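Fold and geometry: a report
So the chains spell out like this:
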Amino acid sequence: GNSVTQMEGPVTLSEEAFLTINCTYTATGYPSLFWYVQYPGEGLQLLLKATKADDKGSNKGFEATYRKETTSFHLEKGSVQVSDSAVYFCALSDPQGGSEKLVFGKGMKLTVNP
Amino acid sequence: DSGVTQTPKHLITATGQRVTLRCSPRSGDLSVYWYQQSLDQGLQFLIQYYNGEERAKGNILERFSAQQFPDLHSELNLSSLELGDSALYFCASSPKSGVGYTFGSGTRLTVV
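Secondary structure assignment for chain A yields zero helices and 12 strands. On C-alpha atoms alone, chain A measures out to a radius of gyration of 14 Å, which is about the 13 Å that the 2.2 N^0.38 rule sets for 114 residues. If one aligns the C-alpha atoms of chain A with their principal axes, the spans along those axes are about 45 × 30 × 20 Å. Burial statistics for chain A: of 114 residues in total, 46% are counted as buried. Long-range pairs, those at least 24 residues apart, make up 57% of the contacts in chain A between residues at least 6 apart in sequence.

This is the structure in structure tokens:
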């Protein structure tokens, strides 16, 4: 079946540090890939997405490239801020059978200190 | 405000009881999804409805059921509650495939 494996952390960084969160996936079809972020006490928000190989998703300084050859979708940000402290989830959807259900990784908690 | 409304935000109930969680999707979104988030299982897909019909089923227990009404709001019914059902229950909606969901802020269920 489909699955997502991501770094679980928790990770603590200083402000302006470089961030990479690794994510790899297993899928039977041609999935779309997503990164969601969950701030404390809130629901999940879509951070970025990519729907086909070599697509790059970007938003708020975060980037991730859909790499079919390595089945990866690593999240990066060049300079993190305190406001980036949250839990980050990698996810895929493989719409076989007409469903857009998402399969999530376990999430990684990021804390950014000033 | 994401546009997806979930009520109630918090719910505390006793084992063996039944509760109903409600979700109103974003205007125009036909698909509604329910997810359970717990510390040990992470985020698990429960069920999807599309325009009133069940589209996909995930790890949903037989004690749980859901429906989507003609006005597109959805309800998740949880019965014979157990301590292990304590979790955050999220609803999400989407207009079409491949664009990602919009999640509600969740209902935190505590079973005591």
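Resuming the write-up.
Glancing now at the nonpolar core. Residue and element names in this part refer to chain A. Within the largest apolar cluster, 27 residues are counted, with the highest numbers of intra-cluster contacts made by W35, L47, L48, F73, L75, Y88 and L110. Of all the elements in the fold, those that place two or more residues in this core are strand 2 (11-14), strand 3 (19-21), strand 4 (23-26), strand 5 (32-38), strand 6 (44-50), strand 8 (62-65), strand 10 (86-93) and strand 12 (108-113). The dominant element in this core, judged by the number of residues it contributes, is strand 10, at four residues. Once residues lying within four places of it in the same chain are set aside, the contact partners of Y88 are Q6, I21, W35, Y36, V37, L47, F62, L75, G107, M108 and L110.

What follows concerns the interface of chain A and chain B. Every contact between the two is made by 18 residues of chain A and, on the other side, 19 residues of chain B. Carbon and sulfur atoms make up 57% of the surface buried where chain A meets chain B, a total of about 1,500 Å² over both sides. There are zero salt bridges connecting chain A and chain B. Scanning the region where chain A abuts chain B turns up four residue pairs in polar contact (both at pLDDT 80 or more). Of all elements in the fold, only strand 5, strand 6 and strand 11 (102-104) of chain A reach the threshold of two or more residues within the side of chain A that touches chain B. At four residues, strand 5 of chain A tops the list of elements feeding residues into the side of chain A that touches chain B. Considering only residue class, the side of chain A that touches chain B consists of seven nonpolar, seven polar and four charged.

A few words now on the pattern of salt bridges. Across all of its chains, the model carries six salt bridges over all chains by this definition. As a salt-bridge pair, E63 of chain A and K56 of chain A come within 3.6 Å of each other at their nearest N and O atoms. Exposure remark for E63 of chain A: the relative accessible area of 36% places this residue in the partly exposed category. Overlapping salt bridges, with partners in common, bring together R63, E82 and D85 of chain B in one network.

Between G9 of chain A and the following residue, P10 of chain A, the backbone shows a cis peptide bond with an omega angle of 5°. Here P10 of chain A lies in the loop between strand 1 (3-6) and strand 2. For the bond running from T7 of chain B to P8 of chain B, omega is -10°, close enough to zero to count as cis. Assignment of secondary structure puts P8 of chain B in the loop between strand 1 (5-7) and strand 2 (10-13).

What follows covers the packing of aromatic side chains. Enumeration over the complete set of coordinates arrives at 15 aromatic pairs over all chains. Here the aromatic rings of F90 of chain B and F103 of chain B are separated by 6.2 Å at their centres, their planes lie at 85°, and the arrangement is edge-to-face. Of the two residues, F90 of chain B sits in strand 9 (residues 87-94) while F103 of chain B sits in strand 10 (residues 102-103), which places them 13 residues apart along the sequence. The pair F90 of chain B / F103 of chain B is uniform in exposure class, with both members buried. One aromatic cluster in this structure is built from F34, Y36, F89 and F104 of chain A together with Y33, Y35, F45, F90, Y101 and F103 of chain B.

Thresholds, definitions, all that
Residues numbered from 1 in each chain as written. Chains lettered and ligands numbered in written order. Predicted model: local features only at pLDDT ≥ 70, side-chain atom pairs only at ≥ 80, totals over all residues. Heavy atoms only, no water. Helix = DSSP H or I, 4+ residues; strand = E, 2+ residues; numbered from the N terminus. Rg over C-alpha atoms; globule rule 2.2 N^0.38 Å. Buried < 20%, exposed > 50% of the residue type's maximum accessible area, 1.4 Å probe, protein only. Contact = heavy atoms within 4.5 Å. Core = buried A, V, L, I, M, F, W, Y, C linked by side-chain atoms within 4.5 Å. Buried area = accessible area lost by both parts, 1.4 Å probe. Salt bridge = Lys/Arg side-chain N within 4 Å of Asp/Glu carboxyl O. Polar contact = N/O pair within 3.5 Å; in protein donor to acceptor, adjacent residues only side chain to side chain. Nonpolar A, V, L, I, M, F, W, Y, C, P; charged D, E, K, R; others polar. Phe/Tyr/Trp six-rings, centres within 6.5 Å; stacked < 30°, edge-to-face > 60°.

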